[in-house]
Amino acid sequence: MKIQKIKGFTDLFPDEAAKFTFLEARAREVFFRYGFGELRTPLLEHTELFAKSIGEDTDVVGKEMFTFPDRKGRLLTLRPEATAGVMRAFIEGGDWQPGQVRKYCTFGPMFRYERPQKGRQRQFHQINAEILGAHEPQADAELILMLCAFLQDVGLTRLSVELNSLGCRECRPLFRKALSDFFAGLDQTGLCEDCRRRVETNPLRVLDCKVPACRELTRDAPTLGAHICGCCREHFDTVKSLLDAAKVAYTLNPRLVRGLDYYQRTAFEITSGEIGAQTAVAGGGRYDGLVQSLGGPDVPGVGFACGMERLALLLAQCPQYRPDFYLAVLDGRAVDQALLLAQGLRGHGLSGEVSYAAGSMKSQLRRANKSGARLALIIGSEEYDKGLVLVKDMEGAGDQRAVSRERLLSMTAVSGAEGLLVAALPERSEE
RNA sequence: GUGAGUGUAGCUCAGUUGGUAGAGUCCCAGAUUGUGGCUCUGGUUGCCGUGGGUUCAAGUCCCAUCACUCACCCCA
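Quick caveat, the model's predicted, so the values are computed rather than measured.

Take the overall build of chain A next. Summing up its helical and strand segments, chain A has 17 helices and 16 strands in all. For a compact globule of 431 residues, the expected C-alpha radius of gyration is about 22 Å, and chain A comes in at 29 Å, more than 25% above that figure. When the 431 residues of chain A are sorted by exposure, 51% land in the buried category. Taking the contacts inside chain A whose residues are at least 6 apart along the sequence as the reference set, 69% of them involve residues at least 24 apart. A total accessible area of about 21800 Å² is found for chain A, and carbon and sulfur atoms account for 50% of it. Here chain A contributes 56 positive and 56 negative side-chain charges, whose respective centroids are spaced 3 Å apart.

Structure follows, in structure tokens:
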């Protein structure tokens with residue numbers, strides 16, 4: 001029987017993988033401008049880390065984790081998100097002193113045992129950023145601005161930013177109570193099956209339901225705005241005014257709720273209507289208190305996660321790098337020499353492939369064409385005997401001329417790939 | 001976990017009321033003795049997802065199973 005990949009796990013062949021490396025490279029570049037350093041944490045953690053940080057009652061912890069015992073019976077879990085691991089690492093070895101701010105970004109695979117669909121795999125990849133030690137709303141704003149800068153940098157427009165405040169430890173319980181009271185006085189038979197359950201488990205989620213009937217029924221539900229405390233309001237107002245001043249458009253969505261328990265105050269999401277039913281491209285918010293709840297110091301934090309598969313769906317194409325040459329061999333005597341010539345050219349910073357076996361001019365040029373190389377370098381019997389290489393421009397009319405191997409190497413030594421182009425110009429023919 | 005849809009050539013897909021499998025593309029060769037792309041000509045490729053059933057006969061009908069896709073739930 002043929003062995004096949006595990007459901008929800010995918011192979012990324014070069015064309016697709018290129019999008020991921022491109023996204024990661026751009027993110028690193030942009031984030032570093034904001035003073036972020038990369039933090040690489042393990043894929044595997046003790047299960048209780050996620051249970052404690054994400055929340056025992058969340059779907060992620062309740063039914064979506066890849067959890068299994070190790071050889072000594074200890075429960076381990078493949079990380080379903082990055083923040084928990086970053087917090088653990090920060091507490092363990094972060095070398096943090098009160099008053100300091102730490103900024104970490106992290107990249108890599110996450111694992112959730114869900115049914116795969118468009119924009120959702122069991123192994124998926126996230127770009128993460130966290131700011132630790134800053135309680136100021138300026139940190140929230142800068143983080144959102146950085147995320148937007150990154151998305152713009154990779155050429156993604158037509159995204160919307162949604163913003164909300166979830167309140168803090170002080171005011172959220174009051175709001176939750178008000179919501180519960182509202183539902184208690186409501187004819188719940190009109191709600192969808194899921195929402196009737198949510199009323200009990202997590203009333204905030206009912207506000208996030210997509211079913212029109214539910215939206216209608218909850219239209220007059222209390223909003224956080226009426227219950228938010230003064231501190232939270234001031235914090236939120238500063239975030240909004242900074243975004244306004246930076247000319248970042250956003251939509252206030254009082255129904256935006258985050259799926260992980262640790263979020264409070266600022267919550268945001270970047271969405272797209274072009275990637276199927278899963279519209280969230282990135283999401284994040286503030287999580288003051290998380291570090292402390294994991295046994296660390298009382299350090300505030302803000303962060304976001306960005307789904308790379310979903311970005312890749314939106315990324316029509318990323319910059320393609322074309323090779324400089326394809327070294328074609330027409331005479332079996334020349335294959336070894338060709339390989340060494342290619343090696344020399346690469347030593348001068350050029351990129352390109354060399355044929356391992358001799359072939360007809362037609363088939364060799366076909367390969368050169370397919371490789372996308374700007375220039376074909378051809379060694380046939382004639383060239384081999386004279387120590388020459390035919391340099392052919394694969395664009396336009398296909399200008400070509402023969403130069404010696406030594407000259408080719410010296411030209412590329414001085415001017416790199418430009419040297420090859422110059423060598424192909426017919427008007428400066430050597431002979 | 002729930003629902004719907006789809007499995008036929010490397011890829012995208014046709015395949016009639018059941019009658020022994022097709023197109024496009026890709027790849028290879030030639031037209032053009034050592035010149036790619038465009039055009040034309042020729043050529044290769046199939047456990048019709050798997051297992052059972054009905055039938056003289058199944059790619060086609062029935063059952064099961066596996067895989068994939070989309071959606072729900074939930075999330076990035």
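Quick look at the nonpolar core now. Counting residues in hydrophobic clusters, the biggest one holds 43 residues, and the most contacted among them are F31, L143, L147, F150, F304 and C306. It is helix α5 (residues 137–153) that contributes the most residues to this core, eight residues altogether. If sequence neighbours within four positions are ignored, F304 has contacts with F31, I127, N128, A129, E130, L143, M146, L147, F268, G283 and G284.

Computed from the structure, the second largest pocket encloses a volume of approximately 310 Å³. What lines the second largest pocket is a set of 14 residues, and nearest its centre among them are A18, C318, P319, Q320 and Y321. Per-class residue counts for the lining of the second largest pocket are eight nonpolar, three polar and three charged.

Moving on, we come to the protein's contact with RNA strand B. Among the 47 residues in the neighbourhood of RNA strand B, the closest are listed as R112, R115, R120, R198 and R205. Side-chain polar atom of E114 to a base oxygen of RNA strand B: 3.1 Å apart, as the coordinates give it. Within the side chain of K370, one N or O atom sits 3.3 Å away from a phosphate oxygen of RNA strand B. For the surface near RNA strand B, the elements supplying multiple residues, two or more each, are β6 (123–132), α7 (193–201), β10 (280–286), β11 (301–307), α14 (361–371), α15 (381–386) and β15 (388–393). Examining the composition of the surface near RNA strand B, we find that six residues originate from one element, α14, more than from any other. Split into classes, the residues belonging to the surface near RNA strand B amount to twelve nonpolar, 15 polar and 20 charged.

What follows is about the packing of aromatic side chains. For the structure on display, the rule yields ten aromatic pairs. Ring geometry for F9 versus F66: centroids 5.8 Å apart, planes at 85 degrees, classification edge-to-face. Pair noted here: F9 is in the segment before α1 (14–33) and F66 is in strand β3 (residues 66–69), with a separation of 57 residues, a long-range link. Accessibility assignment for this pair places F9 and F66 in one class, buried. Ring geometry for F31 and F107: centres 6.5 Å apart, planes at 20 degrees, overall stacked. Here the residue F31 occupies a position in helix α1, and F107 occupies one in strand β5 (residues 102–111), the gap between them amounting to 76 residues. F107 matches F31 in its accessibility class, with the two residues each being buried. Cluster of aromatic residues (ring-pair linked, three or more members): F31, F36, F107, F150 and F304.

Here the focus is the sheet that holds strand β2 (residues 44–46). Ordered by their spatial adjacency, three strands build an open sheet running β2-β4-β3, and the pairing between neighbours is antiparallel. Only two strands of the sheet have a single partner each, and these edge strands are β2 and β3. Averaged over neighbouring strand pairs, the angle between their axes works out to 35 degrees when direction is ignored. The strands that helix α2 (residues 47–54) touches are β2, β3 and β4 (75–78); relative to β2, the one it contacts most, it runs at about 75 degrees.

Glancing now at the sheet that holds strand β8 (residues 251–252). Taking strand neighbours across the sheet as the criterion, the eight strands line up as β1-β5-β6-β11-β10-β9-β7-β8 in an open arrangement whose pairing is mixed. With one partner strand each, in any of the chains shown, β1 (37–38) and β8 form the two edges of the open sheet. Pairing of β6 with β11 involves seven bridges; the strand directions are antiparallel. Residue I127 lies in a different strand from β11, and its bridge partner there is C306. Contacts between helix α4 (residues 83–93) and the sheet are confined to β5 and β6, with β6 contributing the most and set at about 45 degrees to the helix.

Next up on the list: the packing of helix α13 (residues 335–347) against helix α16 (residues 405–415). Where α13 meets α16, the closest approach of the two axes is 10 Å, and the angle between their N-to-C directions is 20 degrees. It follows from the interaxial angle that α13 and α16 lie roughly parallel. The element α13 and its partner α16 pack so that their crossing is right-handed. The residues of α16 that touch α13, namely those facing Q337, L341, G344 and L345, are R405, L408, L409 and T412. For the contact of α13 with α16, the class distribution of residues is four nonpolar, three polar and one charged.

Conventions and cut-offs
Residues numbered from 1 in each chain as written. Chains lettered and ligands numbered in written order. Predicted model: local features only at pLDDT ≥ 70, side-chain atom pairs only at ≥ 80, totals over all residues. Heavy atoms only, no water. Helix = DSSP H or I, 4+ residues; strand = E, 2+ residues; numbered from the N terminus. Rg over C-alpha atoms; globule rule 2.2 N^0.38 Å. Buried < 20%, exposed > 50% of the residue type's maximum accessible area, 1.4 Å probe, protein only. Contact = heavy atoms within 4.5 Å. Areas by Shrake-Rupley, 256 points an atom, 1.4 Å probe, with all protein chains shown as cover. Lys, Arg positive; Asp, Glu negative; His and termini not counted. Charge placed at Lys NZ, Arg CZ, Asp CG, Glu CD. Core = buried A, V, L, I, M, F, W, Y, C linked by side-chain atoms within 4.5 Å. 1 Å grid on protein atoms, 1.4 Å probe; cavity = no way out; pocket = protein on both sides within 12 Å on 5 of 7 lines; lining within 4 Å. Points joined across faces, edges and corners; volume = space filled by probe spheres on them. Nonpolar A, V, L, I, M, F, W, Y, C, P; charged D, E, K, R; others polar. Near = heavy atom within 4 Å. Polar contact = N/O pair within 3.5 Å; in protein donor to acceptor, adjacent residues only side chain to side chain. Phe/Tyr/Trp six-rings, centres within 6.5 Å; stacked < 30°, edge-to-face > 60°. Pairing = 2+ DSSP bridges. Axes fitted to C-alpha atoms, helices over the stretch in contact; angles between N-to-C directions. Parallel < 35°, antiparallel > 145°, perpendicular 65-115°, else oblique. Left-handed = near helix turned anticlockwise from the far one by under 90°.

Limitation: the analysis is restricted to geometry and does not speak to function.
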